Structure formats: C-alpha cells, structure tokens
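# Survey of secondary and tertiary structure
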Amino acid sequence: HWKATARRMRPVTRENTWEQNQHVVALVDCGRPMASLAGVYSKLDHTLAAVLALMRVVVARGDSATLVLFSKEVRQVIRVDRRASNFGPVFERVYAEQADLEEPDYAAVSAWCSRNLPRRSLVLVCTSVLDLVGAEVLRRSLTGMVRRHTPLLVNLEDPGLVGHAKAVPEDVEGAYAKVSAMSLFRENRALTARLRGAGVDVLPVDASQIAFGMIQK
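A brief structural summary. All figures in this text were calculated on a predicted structure; none of them were measured in a lab. (Residues numbered from 1 in each chain as written. Predicted model: local features only at pLDDT ≥ 70, side-chain atom pairs only at ≥ 80, totals over all residues. Heavy atoms only, no water.)

The next subject is the overall build of the protein chain. Along the protein chain, the regular secondary structure elements total eight helices and eight strands. Principal-axis analysis of the C-alpha atoms gives the protein chain an extent of 70 × 45 × 35 Å. Carbon and sulfur atoms make up 54% of the accessible area of the protein chain, which totals about 12500 Å². Distance between charge centres in the protein chain, computed from 29 positive and 23 negative side chains, equals 13 Å. (Helix = DSSP H or I, 4+ residues; strand = E, 2+ residues; numbered from the N terminus. Areas by Shrake-Rupley, 256 points an atom, 1.4 Å probe, with all protein chains shown as cover. Lys, Arg positive; Asp, Glu negative; His and termini not counted. Charge placed at Lys NZ, Arg CZ, Asp CG, Glu CD.)

The structure is reproduced here in structure tokens:
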C-alpha cells in the first residue's frame with residue numbers, strides 16, 4: 001500500500017479477500033428471443049452452459065446461487081450452495097431444456113424475485129432484446145429491482161440481426177432488413193444507456209462469448 005508506506009516510512013501491504021456468503025441469481029429467458037441459433041447451438045444452449053460454469057465458480061468461492069428458468073411463466077428454480085459436492089443433479093435438470101416460442105414475461109419473473117429473494121442478491125437477467133415492447137417491459141422490471149438487489153442485464157446479440165446489419169443489400173427486401181436491424185441495434189444502445197443511468201449494469205455480448213464475458217464481469 002504505497003500511501004500507507006509513505007506515511008509510516010516502512011513497507012505496508014494490503015491483503016484483499018473475497019467477500020463470502022453472497023447470493024447470485026441467474027434469471028434465464030427460455031422464450032422466443034433465445035430460440036435462434038448462434039453457430040451450432042441456440043442462444044439458450046450457450047447461456048445455460050455459461051450460467052452453469054458461473055454457478056460452479058460461485059459455489060467454489062463459498063457463495064450460493066439460484067438458477068431460474070422462465071418464459072411466459074417460471075419453469076424451474078434450482079438452488080445450490082457450497083454444500084453441493086457435484087453438479088450432476090443440476091445438469092440433469094437443465095440439459096433437455098429448449099427455448100419455446102412464448103414471449104418472456106419479464107414483469108412476472110421480477111415479481112417472483114420480490115416474493116422469493118428476501119436478501120440482497122446479484123441478479124443476472126440473461127435474455128436477448130429483439131423488440132421495442134419487450135425492451136420497455138424489461139427496462140421497467142430491471143429498474144424496479146435496483147432498490148433491493150444488484151441487477152445485471154446480459155443481453156445476447158442476435159446473430160441473424162448482426163448479419164442483416166452488416167450485409168450490403170441487393171434488393172428492397174434486403175434494404176428493409178438492414179434498416180430494421182440497425183434500428184433495433186440503436187434502440188438496444190439507448191436501452192443500455194437508460195439502464196446504466198438507473199443503476200443497472202449491462203453486458204451486451206455475442207452468444208459464443210457469454211461464458212467469458214459473464215465471469216469477467
């Protein structure tokens with residue numbers, strides 16, 4: 001610790017330790033926005049793999065974690081803590097999960113958090129924002145969590161939209177697709193700015209990079 005060393009005229013070190021007994025909650029959207037493919041696997045497949053890896057890290061640090069799978073309603077709630085000797089049962093409960101074509105009910109899962117999370121938690125909401133109506137509901141739900149929890153939005157980029165946005169249109173349909181994709185990207189940036197201004201952190205990430213991005217964040 002350089003300042004303390006200068007004041008005391010002798011070497012002083014500072015030892016940092018992880019704060020333990022924390023609670024991490026992962027709310028994973030299993031609805032329509034997560035059904036599209038990102039390479040070989042769907043966005044939901046990438047997300048589940050990343051969240052399970054994150055939960056292993058959380059438990060190894062002595063903290064506890066809750067995984068909530070939802071779309072139109074809450075599908076599963078899986079809780080693990082440092083007493084979990086292996087993750088086999090957790091993998092068995094989620095390996096067959098697939099995204100449906102329902103619209104995710106962000107307000108309902110936010111209400112679930114209000115009812116079931118009495119202690120302050122880090123709440124990760126893993127989804128992919130694809131339309132303006134859903135973005136506004138998501139914004140209200142996340143900003144409503146700030147007082148009681150620490151929310152983090154993990155917003156997966158849609159590979160199809162990325163392709164349209166980068167493509168050089170060859171006809172009217174292609175031009176319309178490009179403009180629509182660019183408009184949605186602009187709205188996603190605006191959503192990110194509004195959420196960060198309200199105290200909600202945001203991680204925009206490519207689906208194939210989600211594991212590294214989440215753990216680094």
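So, next bit.
This part takes up the pattern of salt bridges. With the rule as written, the count across this model stands at seven salt bridges. E103 is the partner of R32 in a salt bridge, and the nearest nitrogen-oxygen pair spans 2.4 Å. Note that R32 is positioned in the loop between β1 (23–29) and β2 (37–38) and E103 in the loop between α3 (88–94) and α4 (106–116), a separation of 71 residues in sequence. For R32, the salt bridge identified is with D131, shortest N-O distance 3.4 Å. One end of the pair, R32, is in the loop between β1 and β2; the other, D131, is in the loop between β6 (122–127) and α5 (132–145), and 99 residues separate them in sequence. On the basis of relative accessibility, which here comes to 26%, the residue D131 falls in the partly exposed class. Linked through salt bridges whose partners overlap, the residues forming this network are R32, E103 and D131. (Salt bridge = Lys/Arg side-chain N within 4 Å of Asp/Glu carboxyl O. Buried < 20%, exposed > 50% of the residue type's maximum accessible area, 1.4 Å probe, protein only.)

Together, K3, R7, R8 and R10 line one region of the surface with positive charge. When you line up the elements, R7 lands in helix α1 (residues 2–8). (Patch = residues over 30% accessible without salt bridge, like charges linked within 9 Å, V, L, I, M, F, W, Y side chains within 5 Å.)

Read from one edge to the other, the open sheet built from six strands follows the order β5-β4-β1-β6-β7-β8, with strand pairing classed as mixed. Either end of the sheet is taken by a strand with one partner, and the two such strands are β5 (74–80) and β8 (201–206). Taking the axes of each pair of neighbouring strands and ignoring which way they run, one obtains an average angle of 15° across the sheet. Looking at chain direction, strand β7 (residues 150–157) and β8 are connected through six bridges and run parallel. Following the sheet pairing, V154 is matched in β8 by L203. (Pairing = 2+ DSSP bridges. Axes fitted to C-alpha atoms, helices over the stretch in contact; angles between N-to-C directions.)

Okay, the environment of A35 next. By the element assignment, A35 lies in the loop between β1 and β2. For A35, a relative accessible area of 31% translates into the label partly exposed. Separated by 63 residues in sequence, A35 and Q98 place their C-alpha atoms 7.7 Å apart. The contacts of A35, once residues within four sequence positions are left out, are S42, A99 and D100. (Contact = heavy atoms within 4.5 Å.)

Scanning the model with the defined rule gives one cavity of 30 Å³ or more in all. In this structure, the largest cavity spans a volume of roughly 30 Å³. Lining the largest cavity we find L27, Y106, V109, S110, V125, L138, S141, L142 and M145. Every element with two or more residues in the lining of the largest cavity is listed here: α4 and α5. It is α5 that provides the largest number of residues to the lining of the largest cavity, a total of four residues. Classifying every residue of the lining of the largest cavity by side-chain character gives seven nonpolar, two polar and no charged. (1 Å grid on protein atoms, 1.4 Å probe; cavity = no way out; pocket = protein on both sides within 12 Å on 5 of 7 lines; lining within 4 Å. Points joined across faces, edges and corners; volume = space filled by probe spheres on them. Nonpolar A, V, L, I, M, F, W, Y, C, P; charged D, E, K, R; others polar.)

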